[in-house]
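Listed here are the chains, written in short residue letters.
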Amino acid sequence: MARSISPQARREREQVLGFEDVPARLRPSSFLQWLAEVPEHPDHDNADHVTAAYGLEPDEVAQVPRGQRPAVDPHWRTMIAAAAQWDSYWQWCSENGLTVGDTPARRGVPREWSWTAFTRWDEKRRGERR
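Residues numbered from 1 in each chain as written. Predicted model: local features only at pLDDT ≥ 70, side-chain atom pairs only at ≥ 80, totals over all residues. Heavy atoms only, no water.

(A) Up close: helix α5 (residues 76-95). An ideal rise of 1.5 Å per residue puts 28 Å on 20 residues; α5 measures up with 29 Å between its terminal C-alpha atoms. Where α5 ends, the next residue or the one after it, glycine 97, has phi of about 70 degrees, a positive value. (Helix = DSSP H or I, 4+ residues; strand = E, 2+ residues; numbered from the N terminus. Expected span 1.5 Å × (residues − 1).)

Structural data, given as structure tokens:
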């Protein structure tokens, strides 16, 4: 569970930490590593895989005969990898007192730590290296 800190304390941490402090594995440019960890075919024992692949709840898919199941969403692996990467990034932010939500349904980060801001920083950093 994320610990709640005051807005003042969060601002102080934000001034100390920067995107360069986030582990490289959590950076947007590391997405292909996350995608490589997702199997080629959905694991029917994994509710997240089933929901992403078929757009149905696992019990709904289980009731449909194998030959009559809907087609697998071609982007299901991307959805699983993106969710895993976000979960890990959010966890890092939480451990560093940067989260604004303390429940699974409200897992946000301050605007300056948003995934969009992080992606822009990462793209700029990578562009400077080339």
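Once the structure has been displayed, the description carries forward.
(B) Local environment of the packing of aromatic side chains. One pass over the structure, following the stated rule, counts 10 aromatic pairs. Ring plane angle 50 degrees and centroid distance 5.8 Å describe the contact between tryptophan 86 and tyrosine 89, whose orientation is recorded as tilted. With tryptophan 86 and tyrosine 89 both in helix α5, this residue pair falls three residues apart, about one helical turn. According to the relative accessible area criterion, tyrosine 89 is buried, its value standing at 0%. (Phe/Tyr/Trp six-rings, centres within 6.5 Å; stacked < 30°, edge-to-face > 60°. Buried < 20%, exposed > 50% of the residue type's maximum accessible area, 1.4 Å probe, protein only.)

(C) Seen up close, the environment of arginine 77. With respect to the helices and strands, arginine 77 occurs in helix α5. Look at arginine 77 and you get buried, because its relative accessible area is 17%. In sequence terms arginine 77 and alanine 36 are 41 residues apart; their C-alpha atoms lie 9.1 Å from each other. Apart from the residues within four sequence positions on either side, arginine 77 is in contact with Leu35, Ala36, Val38, Pro39 and Glu40. Within the structure, arginine 77 has its side chain in polar contact with the backbone oxygen of leucine 35 (distance 2.9 Å). (Contact = heavy atoms within 4.5 Å. Polar contact = N/O pair within 3.5 Å; in protein donor to acceptor, adjacent residues only side chain to side chain.)

(D) Looking closely at the nonpolar core. One finds Phe19, Val22, Trp76, Tyr89, Trp92, Cys93 and Trp113 to be the most contacted residues of the largest nonpolar core, which totals 22 residues. Those elements that provide at least two residues to this core are α2 (31-36), α3 (47-54) and α5. In terms of residue count, α5 provides more of this core than any other element does, seven residues in total. Every residue in contact with tryptophan 76, bar those within four places of it in the chain, is listed here: Val38, Pro39, Glu40, His41, Pro42, His49, Ala52 and Ala53. (Core = buried A, V, L, I, M, F, W, Y, C linked by side-chain atoms within 4.5 Å.)

(E) Inspection of the pattern of salt bridges at higher detail. The full count for this structure, using the stated rule, is three salt bridges. Here glutamate 37 makes a salt bridge to arginine 25, at a shortest N to O gap of 2.8 Å. A residue pair is termed long-range when its members are at least 10 positions apart, and glutamate 37 in the loop between α2 and α3 and arginine 25 in the loop between α1 (7-16) and α2 qualify at 12 residues. The partly exposed category is assigned to arginine 25, whose relative accessible area is 33%. (Salt bridge = Lys/Arg side-chain N within 4 Å of Asp/Glu carboxyl O.)

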